[in-house]
Amino acid sequence: MSPSRITLRQKPPRSLRAFAEAFGTERIDFDAPADTLTLRTADLNLPLPTADPALAQIVQRYATMMATPLLCEPTWPDECSAHWSTHCVNGTRHSRRWPAGSP
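Residues numbered from 1 in each chain as written. Predicted model: local features only at pLDDT ≥ 70, side-chain atom pairs only at ≥ 80, totals over all residues. Heavy atoms only, no water.

### Examining the overall build of the protein
In terms of regular secondary structure, the protein is built from four helices and five strands. Out of the 103 residues in the protein, the part that is buried amounts to 14%. Across the protein, the fraction of contacts at a sequence separation of at least 24, relative to all contacts at a separation of at least 6, is 39%. Of the accessible surface of the protein, which amounts to about 8900 Å², a share of 58% is contributed by carbon and sulfur atoms. (Helix = DSSP H or I, 4+ residues; strand = E, 2+ residues; numbered from the N terminus. Buried < 20%, exposed > 50% of the residue type's maximum accessible area, 1.4 Å probe, protein only. Contact = heavy atoms within 4.5 Å. Areas by Shrake-Rupley, 256 points an atom, 1.4 Å probe, with all protein chains shown as cover.)

### Considerations on the sheet that holds strand β3 (residues 36-38)
Pairing in this open sheet of three strands is mixed, and the strands run β2-β1-β3 from one edge to the other. Where the open sheet ends on each side, the last strands, each with one partner, are β2 (28-29) and β3. Where strand β1 (residues 5-7) lies against β2, two bridges are found, and the strand directions are parallel. Paired with Ile6 across the strands is Ile28, a residue of β2. (Pairing = 2+ DSSP bridges.)

### With respect to unusual backbone geometry
You will see that Asp31, though not glycine, has its phi angle at about 60°, which is positive. By secondary structure assignment, the location of Asp31 is in the loop between β2 and β3.

### Side note on the packing of aromatic side chains
Two aromatic rings, taken as a pair, are described by how far apart their centres are and by the angle between their planes. Counted according to the given criterion, the structure contains one aromatic pair. Relative to Phe30, the ring of Phe19 has its centre 5.3 Å away and its plane inclined at 90°; by these criteria the two rings are edge-to-face. Of this pair, Phe19 sits in helix α1 (residues 17-23) while Phe30 is found in the loop between β2 and β3, placing the two residues 11 residues apart along the sequence. Accessibility classification places Phe19 together with Phe30 in one group, the buried group. (Phe/Tyr/Trp six-rings, centres within 6.5 Å; stacked < 30°, edge-to-face > 60°.)

### Some thoughts on the pattern of salt bridges
Oppositely charged side chains can form a pair if their charged atoms are brought close together. Counted according to the given criterion, the structure contains four salt bridges. With a closest N to O distance of 2.9 Å, Asp35 and Arg9 form a salt bridge. Separated by 26 residues along the polypeptide, Asp35 in the loop between β2 and β3 and Arg9 in the loop between β1 and α1 bring together distant segments of the chain. With relative accessibility at 43%, the residue Asp35 sits in the partly exposed group. Classification of Arg9 by relative accessible area gives exposed; the value is 53%. (Salt bridge = Lys/Arg side-chain N within 4 Å of Asp/Glu carboxyl O.)

### Observations regarding the nonpolar core
By size, the foremost hydrophobic cluster in this structure holds five residues: Ile6, Leu8, Phe19, Ile28 and Phe30. If we ignore the near neighbours within four places in the chain, the residues touching Ile6 are Phe23, Thr25, Arg27, Ile28, Asp29, Thr36 and Leu37. (Core = buried A, V, L, I, M, F, W, Y, C linked by side-chain atoms within 4.5 Å.)

### Quick notes on the confidence of the model for the protein
Detailed reading of the predicted coordinates is not advisable wherever pLDDT falls low. Averaged over all residues, the pLDDT of the protein equals 80, while 77% of them reach at least 70. For the protein, the element scoring lowest by mean pLDDT is strand β5 (residues 92-93), at 56; β2 scores highest, at 94. (pLDDT = per-residue confidence, 0-100.)

Put into structure tokens, the structure is as follows:
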């Protein structure tokens, strides 16, 4: 599988040969606004010969377990934002204090 196109933010090298060998294509654009790698849809649908279904299940369970608390619990920046939204109007600070135990 080779990318159909690659864009890189860096300046072009003197020789493209090492990049073409590494990526498997000579369609590499330099001085781009972002680093990108474009693959063909058909290539993305190919099975991965080195895939490990047991490991995939473990990683999926772990990712779900780790992401859930992050989605539910507000972070201190969220709490600060909520506080300032509640206690500041038009950039004017009110005289209220933080509740006990708040950041």
